[in-house]
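If you want the building blocks of each chain, they are given just below.
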Amino acid sequence: QQQVKQSPQSLIVQKGGISIINCAYENTAFDYFPWYQQFPGKGPALLIAIRPDVSEKKEGRFTISFNKSAKQFSLHIMDSQPGDSATYFCAASMEGYSTLTFGKGTMLLVSP
Amino acid sequence: DVKVTQSSRYLVKRTGEKVFLECVQDMDHENMFWYRQDPGLGLRLIYFSYDVKMKEKGDIPEGYSVSREKKERFSLILESASTNQTSMYLCASKPTGSEKLFFGSGTQLSVL
């Protein structure tokens, strides 16, 4: 049973555009929602994370929007750049548990 | 700087061989994890360990075992490699009390 559903599987965005990746979860006990970024040949690295007590978190060009009632959260990349081309994973975990449940990933390509 | 080192970047093995994948972290983290990454399936947790000599099954432990004799080292063992274990294997670690995972660069294992 997949507990975190991520879409789209792949995404092509023009340079300067907005990239949007969506995730939905089922388990209402989840209370931590990170996004990881993975470049080819590298392991994933934490990009940004949010907890359910806020609806939005922004770090530079990256924003997480969180909708608790809909059990959805999304990553927005403003002014997308070719250097943002990577695979992005959303994830979720519960307080007191050390493991993350990952989405299936989105391959983002930002065209010059 | 934080470092998780996986011993091999690429590995080719034959069906039925016993395979050892090694991971070392230099951050004194209590928790260590093994994931496999497959296209379209995302990151799936195989095993994790929250202390020396302790291990817990993840979502897909079948066909794998692990060993953690020292805090800094976490080994993944394929007792009898099969072709369906051809995959990218990612090791990660994190300290207790933190949510942030630190990943190695991965080992691409091909079982022929």
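Figured I'd write up the structure that's included with this text. Bear in mind the structure is a predicted one, so any value in this text is a computation, not a measurement. (Residues numbered from 1 in each chain as written. Chains lettered and ligands numbered in written order. Predicted model: local features only at pLDDT ≥ 70, side-chain atom pairs only at ≥ 80, totals over all residues. Heavy atoms only, no water.)

Looking at the overall build of chain A
Check the secondary structure of chain A and you find zero helices and 11 strands. C-alpha atoms of chain A, sized along the principal axes, occupy 40 × 30 × 20 Å. Out of the 112 residues in chain A, the part that is buried amounts to 45%. Taking all contacts inside chain A whose residues are at least 6 apart in sequence as the whole, residues at least 24 apart take part in 53%. In chain A, 10 positive and 8 negative side-chain charges are present, and the distance between their average locations comes to 5 Å. (Helix = DSSP H or I, 4+ residues; strand = E, 2+ residues; numbered from the N terminus. Buried < 20%, exposed > 50% of the residue type's maximum accessible area, 1.4 Å probe, protein only. Contact = heavy atoms within 4.5 Å. Lys, Arg positive; Asp, Glu negative; His and termini not counted. Charge placed at Lys NZ, Arg CZ, Asp CG, Glu CD.)

What to know about the pattern of salt bridges
Tallied over the entire structure, the rule returns nine salt bridges over all chains. In this structure, the salt-bridge partner of E59 of chain A is K57 of chain A, at a minimum N-O distance of 3.8 Å. The exposure class assigned to K57 of chain A is partly exposed, which follows from its relative accessible area of 33%. Between E69 of chain B and K53 of chain B there is a salt bridge, with its nearest N and O atoms 2.5 Å apart. Highlighted residues: E69 of chain B in strand β7 (residues 64–70) and K53 of chain B in the loop between β5 (42–49) and β6 (56–57), separated in sequence by 16 residues. Among the residues examined, E69 of chain B registers a relative accessible area of 52% and is labelled exposed. Taken together, the shared-partner salt bridges connect D28, E30 and K71 of chain B into one network. (Salt bridge = Lys/Arg side-chain N within 4 Å of Asp/Glu carboxyl O.)

A few points about the interface of chain A and chain B
Opposite the 18 residues of chain A that make contact, chain B presents 19 residues. Buried area between chain A and chain B, both sides added, is near 1500 Å², and the carbon and sulfur share of it is 56%. Among the residues of chain A in contact with chain B, S98, F102 and K104 of chain A are the three that bury the most area, contributing 30% of the side total. Between the two partners, chain A and chain B, sit one salt bridge. Two residues, R51 of chain A and E99 of chain B, come together in a salt bridge whose shortest N-O distance is 3.0 Å. When residues of the side of chain A that touches chain B are traced back to their parent elements, those giving at least two are β4 (30–38) and β9 (86–94) of chain A. If you tally residues by element for the side of chain A that touches chain B, the top one is β4 of chain A, at three residues. Residue composition of the side of chain A that touches chain B, by class: seven nonpolar, eight polar and three charged. (Buried area = accessible area lost by both parts, 1.4 Å probe. Nonpolar A, V, L, I, M, F, W, Y, C, P; charged D, E, K, R; others polar.)

None of this, on its own, says anything about what the molecule does.
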